Protein chains: 4
Amino acid sequence: MKPDTSTPEVVETTFYVRFAETDAMGVVHHAAYIVWMEEGRSVWGRAQGTPYNDFIATGFYLALVEVKARYTVPARYGQRVTVRTWLEKFGSRGMTFAYEIINPDDGAVHLTGTTRHICVTREGRPARFPEAWLARLEAAK
Amino acid sequence: MKPDTSTPEVVETTFYVRFAETDAMGVVHHAAYIVWMEEGRSVWGRAQGTPYNDFIATGFYLALVEVKARYTVPARYGQRVTVRTWLEKFGSRGMTFAYEIINPDDGAVHLTGTTRHICVTREGRPARFPEAWLARLEAAK
Amino acid sequence: MKPDTSTPEVVETTFYVRFAETDAMGVVHHAAYIVWMEEGRSVWGRAQGTPYNDFIATGFYLALVEVKARYTVPARYGQRVTVRTWLEKFGSRGMTFAYEIINPDDGAVHLTGTTRHICVTREGRPARFPEAWLARLEAAK
Amino acid sequence: MKPDTSTPEVVETTFYVRFAETDAMGVVHHAAYIVWMEEGRSVWGRAQGTPYNDFIATGFYLALVEVKARYTVPARYGQRVTVRTWLEKFGSRGMTFAYEIINPDDGAVHLTGTTRHICVTREGRPARFPEAWLARLEAAK
């Protein structure tokens, strides 16, 4: 499941579970991991020199069109999680990110997943990535 | 705490607690009630003929500048809650809403609170309500 | 995509988008739909006479193990959404729900998705559904 | 507003705004700050040697009974925020935390607030803090 850690580049971010992210089953609610994957993408963008805010400044957005997530060991309040994010596929009109969310202290895997995104105009119409951005993403890959 | 139910007009909305709104203490997380108060304002706006989307269309936003909330009996998954919302104060540049969140089935009071809002431009600068809107709010009060 | 509306039974719930569910792209954030699917399951359970709280009372939980979601037209604040939920598959140790989230006013499809769940003990170990519950789910299907 | 930074001890935590925390006004939604204050308390507890999980292990919870928050400059996606948390008041049955949320890069103050908490049993009845814990909190103050 884990890619070779250098190609494509895996970007990691580690933080504590927030209490608000738990639910009445005593573990982290499944929607919280969806937000963590998004945060993984944000960190990936900043690490690659392609922060999402810079992308928005070009007049485009990345619209999420698909989420696939498999949940294994539940994460709990009090622990840290590490989100590992990498660019799995990338084309002129969209991209797919892959994720692994683990417990950095015992190595347990909480989730593996992917999200698919397309480039859209501010009005939400599918579009081709701006050329300059394509080059930056090509370099980041 | 409860105002006379006709003056100002109290608008109610009732819905089930969502499982995602609970936390590991087994009850509704305190941030969920903040969202419910906002939903109370939305319902109030629609009931008064002043939906928030229409307000945004005038080129202004309502910025929330203060929240005060007192939590009493915790709400739980499986129950319904009723949010009672009314306009407590209203001026040319802002307004204060008051709320009571209860269990409609047993009358338990979950929360009482207020939120204060000011009219701002799209750039976030404080502004006077547009005249037409002042008149509508005056009528709604 | 839509099943025959009677077999299996599709349960619908309709509500307004909450402002808190939007993001800075001006549309509903993708994690909010995950919560809506869960709310669809809650409504399904209540409609079938198998509310989730009753299930928890048996000493078991339903652990979500997979989410798949495809996002099409974005939903927006000010509109209503209808979550259509049905039981797609069901076995002695788990079940799969399918969803369609639409705009009830213009028929636009916002999301189609599935979630897979397994029966677990309070300690999180996979288990077989209690017999009485298997019978209720069989009837509900 | 800012206390002398040593007495009581102010504990800081800094993180990036998550995209999911924004709303359609383009800024951070007001409920997200409520979660950040809670995260401030978590970090405070870990810094003081009194993590919340250890407290729960004693058989008690801290129930939040009041939130007061004043919102000033809105925070935005792409920036970092620093949550400064300190224990404002403390008694045998409850405590009050105070917070300041700022932009660590330009010093802008996003929010000042307080939360009040009481010690409750697992069943939710108000209780006195366990003696050992009182001593630890006394030391932490």
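Residues numbered from 1 in each chain as written. Chains lettered and ligands numbered in written order. Predicted model: local features only at pLDDT ≥ 70, side-chain atom pairs only at ≥ 80, totals over all residues. Heavy atoms only, no water.

Asker: Looking at this structure, I do not really get the overall build of chain A. What am I missing?
Answerer: When you go through chain A residue by residue, the secondary structure sums to three helices and five strands. Secondary structure elements of chain A, listed N to C terminal, follow the sequence β-α-α-β-β-β-β-α. Its C-alpha atoms give chain A a radius of gyration of 16 Å, near enough to 14 Å, the size a compact globule of 141 residues would have. Seen through its C-alpha atoms, chain A measures out along the principal axes to roughly 45 × 35 × 20 Å. Burial statistics for chain A: of 141 residues in total, 60% are counted as buried. Of the contacts made within chain A by residues no fewer than 6 positions apart, 66% connect residues no fewer than 24 positions apart. Working note: accessible area of chain A is about 5,800 Å², and carbon and sulfur atoms make up 50% of it. Averaging the coordinates of the 17 positive side-chain charges in chain A and doing the same for the 16 negative ones gives two points 5 Å apart. (Helix = DSSP H or I, 4+ residues; strand = E, 2+ residues; numbered from the N terminus. Rg over C-alpha atoms; globule rule 2.2 N^0.38 Å. Buried < 20%, exposed > 50% of the residue type's maximum accessible area, 1.4 Å probe, protein only. Contact = heavy atoms within 4.5 Å. Areas by Shrake-Rupley, 256 points an atom, 1.4 Å probe, with all protein chains shown as cover. Lys, Arg positive; Asp, Glu negative; His and termini not counted. Charge placed at Lys NZ, Arg CZ, Asp CG, Glu CD.)

Asker: It is not clear to me how the interface of chain A and chain C should be interpreted in this structure. Could you clarify?
Answerer: Interface size, as often reported, equals the accessible area lost upon joining of the parts. Each partner contributes residues to the interface: chain A has 22 residues there, and chain C has 22 residues. Interface area for chain A against chain C, summed over the two sides, is near 1,800 Å², with a carbon-plus-sulfur share of 59%. Taken as a group, A:M25, A:H30 and A:Y71 account for 28% of the area that chain A buries against chain C, more than any other trio of residues on that side. Along the contact surface separating chain A from chain C lie two salt bridges. With its nearest N and O atoms 3.9 Å apart, the salt bridge here joins C:R70 to A:E66. One can count six residue pairs in polar contact (both at pLDDT 80 or more) joining chain A with chain C. Broken down by secondary-structure element, the contributors of at least two residues to the side of chain A that touches chain C are α1 (30-47) and β2 (60-71) of chain A. Sort the elements by how many residues they give to the side of chain A that touches chain C and β2(A) lands first, with eleven residues. (Buried area = accessible area lost by both parts, 1.4 Å probe. Salt bridge = Lys/Arg side-chain N within 4 Å of Asp/Glu carboxyl O. Polar contact = N/O pair within 3.5 Å; in protein donor to acceptor, adjacent residues only side chain to side chain.)

Asker: Could you clarify how one ought to interpret the pairing of strand β1 (residues 11-16) of chain C in this entry?
Answerer: For a regular strand, the rule is simple: side chains alternate between the two faces of the sheet. Residue and element names in this part refer to chain C. Of the two faces of β1, only one is covered, namely that formed by V11, T13 and F15; the face formed by E12, T14 and Y16 stays uncovered. The sheet contact formed by β1 and strand β3 (residues 80-90) spans six bridges and is antiparallel. When the bridges of β3 are listed, V11 appears paired with T85. (Pairing = 2+ DSSP bridges.)

Asker: Explain the relation of the copies chain A and chain C here, please?
Answerer: Copies of the same chain, two in number, are related to each other by a rotation about an axis and a translation along it. The operation relating chain A to chain C is a screw motion whose rotation component is 180°, with 0.0 Å of axial translation and a residual RMSD of 0.0 Å. Between the two chains, the operation in question is that of a two-fold axis. Taking the C-alpha atom as reference, chain A places A:K68 closest to the rotation axis, 2.3 Å from it. Of the interface residues in chain A, 100% have counterparts in chain C that sit at the interface too, so the contact is made through matching surfaces. (Least-squares fit on C-alpha atoms with pLDDT ≥ 70 in both.)

Asker: I would appreciate a short explanation of the sheet that holds strand β5 (residues 109-121) of chain B in the present structure.
Answerer: Two modes of strand pairing occur in sheets, parallel and antiparallel, and in both the strands are linked by backbone hydrogen bonds. Read across the sheet, ten strands follow the order β1(B)-β3(B)-β4(B)-β5(B)-β2(B)-β2(D)-β5(D)-β4(D)-β3(D)-β1(D) without closing on themselves; strand pairing throughout is antiparallel. If you trace the sheet from one side to the other, it starts and ends with β1 (11-16) of chain B together with β1 (11-16) of chain D, each paired once. When strand polarity is set aside, the average angle formed by the axes of neighbouring strands in this sheet is 25°. Bridge count for strand β3 (residues 80-90) of chain B against strand β4 (residues 94-102) of chain B is eight bridges, and the pairing is antiparallel. Across the sheet, B:T82 pairs through a bridge with B:I102, a residue of β4(B). (Axes fitted to C-alpha atoms, helices over the stretch in contact; angles between N-to-C directions.)

Asker: Help me understand the relation of the copies chain B and chain D in this model?
Answerer: For the match of chain B to chain D, the screw axis carries a shift of 0.0 Å, the RMSD comes to 0.0 Å, and the turn is 180°. Same-surface contact between copies: 100% of interface residues of chain B are shared with the interface of chain D.

Asker: Would you mind showing me how to read the pairing of strand β5 (residues 109-121) of chain C here?
Answerer: All names here are of chain C. Of all 13 residues making up β5, ten are buried, and the element is well covered by its neighbours. Bridge count for strand β4 (residues 94-102) against β5 is nine bridges, and the pairing is antiparallel. Opposite I102, over in β5, you have V109 as the bridge partner. As consecutive antiparallel partners, β4 and β5 are separated by six residues, and within that stretch G107 has a phi angle of approximately 80°, a positive value.

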